[in-house]
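Structural characterization, general
The chain contents come next:
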Amino acid sequence: MNAVIPHADARPSSPAGALPATGSWHVRAAEPALAEVAATVRALLAPHLPDAPGTAPRALVLGLDEVVSAPPLGLAPDGAADPVDEGYRLRVDADGITCHGRTPAGVFRGATTALQLIATARVTGELPFQELTDAPRYAWRGLMVDPARSFLTPDEVRRIIDLAALYKLNVLHLHLTDNEGWRVELPGTPALTAPGTEFYSTSEYRALQEYAARRFVTVVPEIDLPGHCATFRAAVPGLPPAPAPAGLADRFPFVPPLDLTDAATRTAVTRVLAEVCALTTGPYVHIGADEAFGATPENFDASVRELRTLVRELGKRPVAWQESSRAGIGPEDIAQYWVDVEMMDLPDTAEGLAARPELVAAGRSVEIIAALKKFFAPTDDDLRRTVEGGGRVLLSPQSHLYLDRPYATEFAPPGQSAEAARLGFDGYRPLGVRHTAAWDPDAYPVPDANVAGVEATVFAEEFKGFEDVSVLLLPRLASVAEAAWCGRAPGWAEYRERLAHHGRVWADRNLPYFASTEVDWR
């Protein structure tokens, strides 16, 4: 009956009928507590309302009620002991659309459904009368973007926040630091954002958080340590390298990770984290803790424990990539699960490598692949270790939720073959939209009590600029949002019919997307 993503079960209302797709809409708060929500919804809806002179606007009415929804799984992005009730009830009838929820967050989620109904109705020509009741399966539904490697302007980040909110995502994870750049101003260490570099000033960073909060999205900053630290080392010279495994330096080049057992390093890192925590309004700060290539396991573990302690002492809850579980893990720890050796999907033989032209073109050799598999071998135990330690798992498996995976050129429409060949990380097998849509969050041995949530990522090693980010996200982000909200993979035949209507939604917002031939776009 509708093309809403994430899927919302609708039932026909009585009497039957439909509203015409054309015309204008007036957003009205039924009570003062929702005035700010109504203003935000008006702004989000505006790109989807063509001028319709001489027509009386229909009403989109937002109201509160006392109906309680089933609680979702996972951690509350706002840090509360229990996740906020994001359930809502929506009705389309001759008077327009009404959205009700027990909380302003729930009302806002319902309003994004209304927005999609209005926007996609222009494809079919009418908006059928219907009623629906809806609530999320997972409390944490996130998206990570990577301005550290490919800077996104504040306006571009706001567009991504709007996109996330439109699909009921509620966390924006900003990968702010890496070897390639440091993107948040910290007055206590000004060399991190030297003149000529692109970054968010303290006022811009605060403003982005405020903008996100009005859309019920929490910003989680990532300061990626102890590895990925070339920019930090350049800004704070003279810090000693972490102790390295024997013989490593002669085999592969690497930036030495930081050694948090060193007093000067700990002082410099403490100063940085203190400013980040003070600037961040949300309850979480991501400490990275991935791919610390060049540190001994013992030193890595000590550094991770120190980073966690510092963030907690500064009043925030640390999040870290799954490798952090090796430093010990308990109920207060959150591990973001992203990889194991099987998930890397890399060949073992020269024959297997020859069958993967994208890896050959990227300069991978059997020796390099063997070294990668050896380095990542401990990841095979990270998920089990996290669960057994009582930690929380944030699901971001590289196999499906890393949206920097290249698109398979066989699905490229005319005019996008070169784009499909250019975009995406060269270590991943190119695949189609259907692959991402098949992801099942229940496919992992993670008890409900250990779930933190679901988060897609789009790292920027192999692209530049907002348009590239948009094409990699769309259309795949929609299916991740569906799995995070509904708790299951959609049936492909039914899902692709709904997805076909959303090209119009993205076009309204001037968001370029990959028009995969797997979908009959409307």
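Residues numbered from 1 in each chain as written. Predicted model: local features only at pLDDT ≥ 70, side-chain atom pairs only at ≥ 80, totals over all residues. Heavy atoms only, no water.

Evaluation of the coordinates by the stated rule reveals 21 aromatic pairs. For the pair Trp439 and Tyr444, a centre-to-centre distance of 6.2 Å together with 45 degrees between the ring planes defines the contact as tilted. Accessibility assignment for this pair places Trp439 and Tyr444 in one class, buried. Their ring planes at 45 degrees and their centres at 6.3 Å tell us that Trp492 and Tyr495 sit as a pair that is tilted. Of the two residues, Trp492 and Tyr495 are both situated in helix α18 (residues 492-499); the distance of three residues between them amounts to about one turn of the helix. Among the aromatic residues, those joined into a ring-pair cluster are Phe254, Phe293, Trp321, Trp338, Phe375, Phe376, Tyr402, Phe425, Tyr428 and Phe459. (Phe/Tyr/Trp six-rings, centres within 6.5 Å; stacked < 30°, edge-to-face > 60°. Buried < 20%, exposed > 50% of the residue type's maximum accessible area, 1.4 Å probe, protein only. Helix = DSSP H or I, 4+ residues; strand = E, 2+ residues; numbered from the N terminus.)

So, on to the packing of helix α3 (residues 154-166) against helix α4 (residues 202-213). Relative to each other, α3 and α4 sit at 20 degrees, their axes nearing to 10 Å. Judged by the inter-axis angle, α3 sits roughly parallel to α4. As for how α3 packs across α4, the hand of that crossing is right-handed. Of the residues in α4, those touching α3 at Pro154, Val157, Arg158, Ile161 and Asp162 are Glu204, Leu208, Tyr211 and Ala212. When its residues are assigned to classes, the contact of α3 with α4 shows six nonpolar, no polar and three charged. (Axes fitted to C-alpha atoms, helices over the stretch in contact; angles between N-to-C directions. Parallel < 35°, antiparallel > 145°, perpendicular 65-115°, else oblique. Left-handed = near helix turned anticlockwise from the far one by under 90°. Contact = heavy atoms within 4.5 Å. Nonpolar A, V, L, I, M, F, W, Y, C, P; charged D, E, K, R; others polar.)

Now for the sheet that holds strand β3 (residues 25-29). The six strands lie next to each other as β1-β8-β5-β6-β4-β3, forming an open sheet whose pairing is mixed. Each of the sheet's edge strands pairs with one partner strand only, and the pair in question is β1 (10-12) and β3. Here the average twist between neighbouring strands, direction ignored, is 15 degrees. Strand direction decides the pairing type here: strand β5 (residues 88-93) and strand β6 (residues 96-101), joined by six bridges, are antiparallel. Note on β6: the bridge partner recorded for Val92 is Ile97. Here helix α1 (residues 35-45) sits on the sheet and contacts β3 and β4 (58-64); the angle it forms with β3, its principal contact strand, is near 160 degrees. Strand contacts of helix α2 (residues 104-124): β3, β4, β5, β6 and β8 (130-134), with the helix running at about 35 degrees to β5, the strand carrying the most contacts. (Pairing = 2+ DSSP bridges.)

Before going further, it helps to examine the nonpolar core. Counting residues in hydrophobic clusters, the biggest one holds 136 residues, and the most contacted among them are Leu62, Ile97 and Phe232. Per-element tally for this core: the top contributor is α2, with nine residues. The next biggest cluster of nonpolar side chains, apart from the first, holds 15 residues, and it includes Leu353, Leu359, Phe376 and Phe459. (Core = buried A, V, L, I, M, F, W, Y, C linked by side-chain atoms within 4.5 Å.)

A word on the pattern of salt bridges. What the rule picks out here adds up to 32 salt bridges. Where Arg122 meets Asp508, a salt bridge forms, and the shortest distance between an N and an O atom there is 2.7 Å. Remark: Asp508 occurs in helix α19 (residues 502-508) and Arg122 occurs in helix α2; sequence separation between them is 386 residues. A residue is classified by how much of its surface remains accessible, and Asp508, at 17% relative accessible area, is buried. The salt bridge involving Arg215 is made with Asp162; its shortest N-O contact spans 2.7 Å. Taken together, the positions of Arg215 in the loop between α4 and β13 (218-225) and Asp162 in helix α3 put the pair 53 residues apart, joining distant regions of the chain. (Salt bridge = Lys/Arg side-chain N within 4 Å of Asp/Glu carboxyl O.)

By themselves these figures say nothing about function.
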